[in-house]
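Listed below, chain by chain, are the residues.
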Amino acid sequence: MNRYVKVHPSDNVAIIVNTEGVPAGAMFAGGLSARESIPQSHKVALAAIAQGGPVVRYGQVIGRAARDLDAGQWVREEHLDLPVPPSLDDLPIATAVPAAMPPLPGYTFEGYRNRDGSVGTKNLLGITTTVQCVAPTVDYAVARIRNELLPRFPNVDGVIALTHTYGCGVAIDAPGAQVPIQTLRHISRHANIGGQPLIVSLGCEKMQPARLFPDRQMFTASAALPPVLEHDPYVIRMQDMELRGFGEIVAAILRFAEKRLEELNRRRRVTCPASDLVVGVQCGGSDAFSGVTCNPAVGSAADLLVRAGATVMFSEVTEVRDAVHLLTPRAVNQEVGLALIREMRWYDEYLSRGYADRSANPTPGNKRGGLANVVEKALGSVAKAGSSALMGVASHGERVTTKGLVFAATPASDFICGTQQLASMNLHVFTTGEGSPYGLALAPVIKISSRTALAERWHDLIDLDAGRIATGEATLDEVGWDLFRLMLDVASGRKKTWADHWGLHNTLAPFNPGPVT
Ligand code: CA
């Protein structure tokens, strides 16, 4: 049985479902025959398309035919000319705001409630760093904390080093520097480390601890352990005169770590409404199925989260840019619509400064997976945003506090997007077509495959298979509900993601659009 998926009634291309692809001459229900062999997830022309004519998928023009195309032909990247992106000057704003969806009360998870109102999905000791120079020292200390201290604190899930490449050798007062600084500030107060870190600083670096915590009193290693207020961070400065040698530095880190572990060990999971979830969604290693299976299934789950009163963030500017005309009408008001346009414009300018544009986005893997260009990728990507009204927009590295669907601006780069979403999220959902072992230490990452073949091959890396949608074994809404329930289980610690099972945790990668000195 030869099958293809057509998304919208006006589409003149569809993607091949058969795992092995289809051979030349393969007949489809409805009378179409393949003129050549076409791989799985690649596009077949459903009708003849004249040179210059629109190639339509998702009901949108994904390109112009670069040559005459016959019905049944394999429509490849080189057959499409990239259209210009939607103009940012005359977009309709708040013209089609979706009506509020019926509330979905009664869904809860077991989380760690913090005094700042945030809710943790893990209970971790996080050691944050102000500069890359101290990263190996912190890694060394973390290994000792894990072996020597952690066994005595059974209610603490783990200890993690929040190391990164930022902090010095940068123009710290340049406007772009606010992006990594804000991101790291919010990560240092992440819900899963109780809103409070232990900070290791070198001493001479550009990003001084006070830049991360301008409003807090600091307790340094040289102070005798004071009657510490639980919301103030502890700081170890390696260059402090009181610390003689590496041994004393590590001992100081361990001393503060023990104090922090005692506090964290007193925390207990309590029943929290699903509205306390802040879920970041993104895709990585997408294929042409992503836009019809895993991404709309995430969109369906996003709608359930919105109905339950939670926050859902979608991101990845270069994958929203070509679909922005579909999103500004959904903005709840002018202010939100204009903020979305402002983020698109900022990124257009950022790319043009590097002599690039949004066509730099698709990867060789995306193309192998059947995605012809960034327009097709974007139209599939924004399906993750579901169908509710756009309630807010956050700039790079800002913490999101709005409930409902929010666009949080980030690059599309998986590890940078994830790092920036960590400024706000306590749970992460990641869709993939080609496959990625991606994970984060700070928040659980649920991975969803676009194709069953990937879920079967990577049975111990993929948490949920959305490929069942393409084969007709499950509906979008069924997979959306499966994901919603899985999110509540993972957020409660009842289920472990495969990334956490194996300890696959990508390094933090803050986005620094500012100059390096
Ligand atoms: Ca991505």
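This text follows the structure it describes.
Residues numbered from 1 in each chain as written. Predicted model: local features only at pLDDT ≥ 70, side-chain atom pairs only at ≥ 80, totals over all residues. Heavy atoms only, no water.

Caption draft 1: Structural view of the overall build of the protein. Scanning the protein for helices and strands turns up 13 helices and 22 strands. A compact globule built from 517 residues should have a C-alpha radius of gyration of about 24 Å, and the protein, at 24 Å, falls within 12% of that. Counting only C-alpha atoms and orienting by the principal axes, one finds that the protein spans roughly 80 × 45 × 40 Å. Pairs at least 24 residues apart make up 72% of the contacts formed inside the protein by residues separated by at least 6 positions. A total accessible area of about 19900 Å² is found for the protein, and carbon and sulfur atoms account for 53% of it. Of the charged side chains in the protein, 49 are positive and 51 negative, and the gap between their average positions amounts to 4 Å. (Helix = DSSP H or I, 4+ residues; strand = E, 2+ residues; numbered from the N terminus. Rg over C-alpha atoms; globule rule 2.2 N^0.38 Å. Contact = heavy atoms within 4.5 Å. Areas by Shrake-Rupley, 256 points an atom, 1.4 Å probe, with all protein chains shown as cover. Lys, Arg positive; Asp, Glu negative; His and termini not counted. Charge placed at Lys NZ, Arg CZ, Asp CG, Glu CD.)

Caption draft 2: View of the state of the cysteines. Across all of its chains, the model carries zero disulfides by this definition. The thiol of Cys 204 is not disulfide-bonded; the next cysteine sulfur, from Cys 168, is found 6.2 Å away. The structure places no disulfide on Cys 294, whose sulfur is separated from the nearest cysteine sulfur, that of Cys 283, by 7.8 Å. Take Cys 294: its relative accessible area is 0%, and that puts it in the buried class. (Disulfide = S-S within 2.5 Å. Buried < 20%, exposed > 50% of the residue type's maximum accessible area, 1.4 Å probe, protein only.)

Caption draft 3: Here's a closer look at the coordination of the calcium ion. Within the protein, the atoms that donate to the calcium ion are Gln 282 (OE1), Cys 283 (O), Glu 316 (OE), Ala 412 (O) and Asp 414 (OD), at distances of 2.3 to 2.5 Å. Linear spacing of the donor residues for the calcium ion on their chain is Q-C-x32-E-x95-A-x1-D. Each member of the pair, Gln 282 as well as Cys 283, carries the same accessibility label: buried. (Donors = N, O, S within 2.8 Å, 3.2 Å for Na, K, Ca; no water.)

Caption draft 4: Seen up close, the nonpolar core. Ranked by internal contacts, the top residues of the largest apolar core, which has 84 residues, are Leu 277, Phe 314, Phe 407, Ile 448, Leu 483 and Met 487. Looking at this core, the element that brings in the most residues is helix α12 (residues 476–491), giving eight residues. In this structure, this core is formed jointly by two domains, domain 1 (1–83) and domain 3 (271–502), each of which donates at least three residues. Here Met 487 is in contact with Val 279, Ala 301, Leu 305, Leu 427, Val 429 and Ile 446, once residues within four sequence places are set aside. Counting residues in hydrophobic clusters, the runner-up holds 29 residues, among them Val 134, Val 142, Val 156 and Ile 236. (Core = buried A, V, L, I, M, F, W, Y, C linked by side-chain atoms within 4.5 Å. Domains from an automatic or database assignment.)

Caption draft 5: Seen up close, the pairing of strand β4 (residues 54–57). Of the pairings in the sheet, the one linking β4 to strand β5 (residues 60–65) comprises four bridges and is antiparallel in character. Residue pairing for β5: Arg 57 is matched across the bridge by Gln 60. Following β4, the chain reverses through two residues before pairing antiparallel with β5; Tyr 58 in that reversal takes a positive phi of roughly 60°. (Pairing = 2+ DSSP bridges.)

Caption draft 6: Here's a closer look at the packing of helix α5 (residues 294–307) against α12. Two numbers describe how α5 lies on α12: the axes approach to 8 Å, and their chain directions differ by 60°. It follows that α5 is oblique to α12 by the angle criterion. Pair α5 / α12 crosses with right-handed handedness. Residues Pro 296, Ala 297, Val 298, Ser 300, Ala 301, Leu 304 and Leu 305 of α5 lie in contact with α12, whose contacting residues are Leu 476, Asp 477, Val 479, Gly 480, Trp 481, Leu 483, Phe 484 and Met 487. Taken together, the residues of the contact of α5 with α12 sort by class into 12 nonpolar, two polar and one charged. (Axes fitted to C-alpha atoms, helices over the stretch in contact; angles between N-to-C directions. Parallel < 35°, antiparallel > 145°, perpendicular 65-115°, else oblique. Left-handed = near helix turned anticlockwise from the far one by under 90°. Nonpolar A, V, L, I, M, F, W, Y, C, P; charged D, E, K, R; others polar.)

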